[in-house]
Amino acid sequence: MPTEQRLASSDAEEAPDAAGSGAQRAAARRTGWSALRPLVWRLHFYAGVLVAPFLLVTAVTGLLYAGAFQAEKVVYAHELRVPAGEHTLPLSRQVAAARTAHPEGTIAAVRPAPQPGDTTRVLLAGVPGVPAEHQLAVFVDPYTGSLRGALPTYGSTGALPLRTWLDDLHRNLHLGEPGRLYSELAASWLWVVAGGGLALWIGRKRANRRLRALALPDRTATGRRRTLSWHGAVGVWAAVGLFFLSATGLTWSTYAGGHIDEFRRALGQETPAVSTAVAAEHAHHGSDGMAGMPDMPGMDGKHGGGAGGAASADVGVDKVLGAARAKGLSDPVEIDLPTGQGTAYVVKQIQRSWPEKQDAAAVDPRTGQVTDVSRFADYPVLAKLTRYGIDLHTGTLFGLVNQVALAALALALIFLVLWGYRMWWQRRPTRDRALSFGRPIPRGAWRQIPRPVLIPLVLVVAAVGWAVPLLGVSLAAFLAVDAVLGVRARRRAAAGACAD
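Nothing here was measured: the structure is a model prediction, and the numbers come from that model. (Residues numbered from 1 in each chain as written. Predicted model: local features only at pLDDT ≥ 70, side-chain atom pairs only at ≥ 80, totals over all residues. Heavy atoms only, no water.)

Asks: Any chance you could break down the overall build of the protein for me, citing the residues and the numbers?
Replies: Within the protein one finds 15 helices and 8 strands. Taking all 500 residues of the protein together, the buried fraction comes to 47%. Partitioning the contacts of the protein with sequence separation of at least 6, the portion at a separation of at least 24 is 62%. For the protein, the accessible surface area stands at approximately 25,000 Å², while carbon and sulfur atoms represent 63% of it. (Helix = DSSP H or I, 4+ residues; strand = E, 2+ residues; numbered from the N terminus. Buried < 20%, exposed > 50% of the residue type's maximum accessible area, 1.4 Å probe, protein only. Contact = heavy atoms within 4.5 Å. Areas by Shrake-Rupley, 256 points an atom, 1.4 Å probe, with all protein chains shown as cover.)

Asks: Describe the packing of aromatic side chains, naming the residues involved and giving the relevant values.
Replies: One pass over the structure, following the stated rule, counts 12 aromatic pairs. Ring centres of Phe45 and Tyr46 lie 5.2 Å apart, and the angle between their planes is 85°; on these two criteria the pair is classed as edge-to-face. With relative accessibility at 15%, the residue Phe45 sits in the buried group. Tyr46 gets classed as buried once you look at its relative accessible area, which sits at 19%. Ring pairs connect the aromatic residues Trp41, Phe45, Tyr46, Tyr421, Trp424 and Phe478, which therefore count as one cluster. Note that Lys384 overlies the ring of Phe376, its terminal NZ or CZ placed 5.8 Å from the centroid. (Phe/Tyr/Trp six-rings, centres within 6.5 Å; stacked < 30°, edge-to-face > 60°. Lys NZ or Arg CZ within 6 Å of the ring centre and 35° of its normal.)

Asks: I'd like to hear about the sheet that holds strand 8 (residues 370-374), residue by residue, with values.
Replies: As summarised here, the arrangement of the 8 strands in space is 4-3-2-1-5-6-7-8, forming an open sheet in which the pairing is antiparallel. Each edge of the open sheet carries a strand with a single partner, namely strand 4 (147-153) and strand 8. Taking each pair of neighbouring strands and ignoring which way they run, the sheet shows an average axis angle of 20°. In this sheet, strand 2 (residues 120-125) lies alongside strand 1 (residues 106-111) in antiparallel orientation, the contact comprising 5 bridges. When the bridges of strand 2 are listed, Ile107 appears paired with Leu124. The strands touched by helix 11 (residues 317-326) within the sheet are strand 5 (333-336), strand 6 (345-349), strand 7 (360-363) and strand 8, with strand 5 carrying the most contacts at an inclination of about 130°. (Pairing = 2+ DSSP bridges. Axes fitted to C-alpha atoms, helices over the stretch in contact; angles between N-to-C directions.)

Asks: Can you explain unusual backbone geometry? Please cite residues and give values.
Replies: The omega angle of the peptide bond from Asp331 to Pro332 is -5°, so this bond is cis rather than trans. With respect to the helices and strands, the residue Pro332 is situated in the loop between helix 11 and strand 5. A cis amide bond, omega -5°, links Trp354 with the succeeding residue Pro355. Mapped onto the elements of the fold, Pro355 is located in the loop between strand 6 and strand 7. In the Ramachandran plot, Leu173 falls in the positive-phi region, its phi being about 55° despite a non-glycine side chain.

Asks: Please set out helix 3 (residues 33-66) residue by residue, giving values where relevant.
Replies: With 34 residues, helix 3 should reach 50 Å at 1.5 Å per residue; the first-to-last C-alpha distance of 38 Å falls well below that figure. Of all the bends in helix 3, the greatest, near 55°, is centred on Val51, and the proline Pro53 appears no more than four residues after it. (Expected span 1.5 Å × (residues − 1). Bend = angle between axes of the 7 residues up to and from the residue.)

Asks: Could you give an account of the environment of Tyr255, naming the residues involved and the relevant values?
Replies: Considering the arrangement of structural elements, one finds Tyr255 in helix 10 (residues 255-266). The exposure class assigned to Tyr255 is partly exposed, which follows from its relative accessible area of 42%. Residues Tyr255 and Leu470, spaced 215 residues apart in sequence, show a C-alpha to C-alpha distance of 7.7 Å. Once residues lying within four places of it in the same chain are set aside, the contact partners of Tyr255 are Leu181, Glu184 and Pro469.

Asks: For the pattern of salt bridges, give the residues involved together with the corresponding values.
Replies: Following the criterion strictly, the structure yields 12 salt bridges and no others. Of the charged contacts in the structure, one is a salt bridge between Arg171 and Asp167, with a shortest N-O distance of 3.8 Å. Of the two residues, Arg171 and Asp167 both sit in helix 7 (residues 161-172), 4 residues apart, roughly one turn of that helix. Two residues, Lys348 and Asp336, come together in a salt bridge whose shortest N-O distance is 2.9 Å. You can see Lys348 sitting in strand 6 and its partner Asp336 sitting in strand 5, a full 12 residues away along the chain. Put simply, Arg111, Glu334, Asp336 and Lys348 are held in one network by salt bridges that share partners. (Salt bridge = Lys/Arg side-chain N within 4 Å of Asp/Glu carboxyl O.)

Asks: Break down the packing of helix 9 (residues 223-251) against helix 13 (residues 399-426) for me, citing the residues and quoting the values.
Replies: Where helix 9 meets helix 13, the axes come as close as 8 Å, and the angle between the chain directions of the two elements is 145°. By crossing handedness, the relation of helix 9 to helix 13 is classed as left-handed. Taking contact as the criterion, the partners of Gly223, Arg224, Thr227, Leu228, Trp230, His231, Val234, Gly235, Ala238, Gly241, Leu242 and Leu245 in helix 9 are, on helix 13, Leu406, Leu409, Ala412, Leu413, Leu416, Trp419, Gly420, Arg422, Met423 and Gln426. Looking at the contact of helix 9 with helix 13, its residues break down into 13 nonpolar, 7 polar and 2 charged. (Left-handed = near helix turned anticlockwise from the far one by under 90°. Nonpolar A, V, L, I, M, F, W, Y, C, P; charged D, E, K, R; others polar.)

Asks: I'd like a description of the side chain of Ser246, backed by residues and values.
Replies: Topologically, Ser246 is positioned in helix 9. If near-sequence neighbours (up to four positions away) are discounted, Ser246 is found in contact with Ala187, Leu190 and Trp191.

Asks: Would you mind going over helix 6 (residues 91-101) in detail, with residue names and values included?
Replies: When you tally the buried positions in helix 6, you get 8 out of 11 residues, the bulk of the element. Every buried residue of helix 6 is accounted for by Leu91, Ser92, Gln94, Val95, Ala96, Ala97, Ala98 and Arg99.

Asks: Can you lay out the packing of helix 3 against helix 13 for me, pointing to particular residues and giving the numbers?
Replies: Interaxial distance between helix 3 and helix 13 falls to 8 Å at its minimum, and their mutual angle equals 150°. On the basis of the axis angle, helix 3 is roughly antiparallel to helix 13. In terms of crossing hand, the pair formed by helix 3 and helix 13 is left-handed. Side by side, helix 3 and helix 13 meet where Phe45, Gly48, Val49, Ala52, Pro53, Leu55, Leu56, Ala59, Val60, Leu63 and Ala66 of the first sit next to Gln403, Leu406, Ala407, Ala410, Leu411, Leu413, Ile414, Val417, Tyr421 and Trp424 of the second. Class assignment of the residues belonging to the contact of helix 3 with helix 13 gives a composition of 19 nonpolar, 2 polar and no charged. (Parallel < 35°, antiparallel > 145°, perpendicular 65-115°, else oblique.)

Asks: Go over the pairing of strand 8, please, and point to the residues and values.
Replies: Bridge count for strand 7 against strand 8 is 4 bridges, and the pairing is antiparallel. By the bridge assignment for strand 8, Val363 is matched with Val370. Connecting strand 7 to the next strand, strand 8, in antiparallel fashion are 6 residues, including Gly368 with a positive phi near 75°.

Asks: Quick one: what's the story with the side chain of Gln94, residue by residue and with numbers?
Replies: Mapped onto the secondary structure, Gln94 falls in helix 6. Relative accessible area serves as the criterion here: at 4%, Gln94 is assigned to the buried category. In this structure Gln94 touches Leu89, Thr120, Val122, Val140 and Pro142, once residues within four positions along its chain are discounted.

See the structure below:
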């Protein structure tokens, strides 16, 4: 069959003409998939064309971020690893060594070396030249007390500069808070594009009685059909992962994420936190002393082991860590220092790999007694699912395997977008091909849907648009522009008819 005939046949099969005669539309008016398919096809096409650039950027930056964890281990090997020794120094001695070299700022937290050969991190806040939302991590050899370096760090996973830069690139393109709109827009539409494409592909294979080939490309096809075959088959394999990335990406987005937080609060499914309040008579220290000089009491481990230059009444980080260990908090942990008078130390587990370790304990700085404990096992269901989802999305839950899977998903999305644009290019009219793009999809698909189906569909779309605002706003804008273009086209057609 000539190429032009194959293209025409393919177009006729995949793009039913919603703008046909009234009799044809009436005949096509029926319930089920046959009524919805033209609308889904039109939505998938235009969403793919208009939103695909955002998806492509998200996929490329996500691919880079997926490799950031392993790259970090190589780039910062000197700071992260030391020769393992037989005995470690008291934690207070390690903190004192870091404080001697870096007296600037205040000590906010300490992360003891979690495994043999790892370094201890002393986290300083308010350091000049370090952004306010970041901290300066001072890396200490736990066996000798020597310093291995200091680097800015960000977030609960302790991202160092390389991973922080890639994280910002993926999240907001280094544009700050306004830049997060791009990633939220991509996450808002990803499940729509993936779901529409999956429905169209399954419907196409079912109509052709080729369900066996649902997840396999047709290697005998040529031209546009070959591109479509690869686009559909890879889309089937990637669909579940793309749905997951969309849902978890929305979890901590600006607008949709806010609605999710409100929903969790309404159901009592918020992430619990330990109470840091201690009795007033125990509050003889505060964060002001944490900026003290290295020779203040507690900095050398001889006067109670206080981590930040606090008064001698402070039991110090060694006893605080011991109290938390007695409650079952194993490595890796972070010790957050008291933030002011009347507050406690907080020792929290920070393991984001499977199994999750997220227990936390508050310790009275004067008595060294545990005043409150939070167990991950007691988290509400949605709080646990949110934690699992975020860690799986960022590649920490299953380590290297997780990161490889994310990289494969990112590559799949990149190819899906490129194949989609290629099909658009291949679908351009046979005349003046060098000067034209793909032919537009016929309007009027919604008129084929019966009212008993159309009305609930509109209500569902409105509800989803409210829950996912960027999806709703962009869809409304698309419909408005599409309606204006439709009116203009009809007026031009009427004017042409009058002229004839």
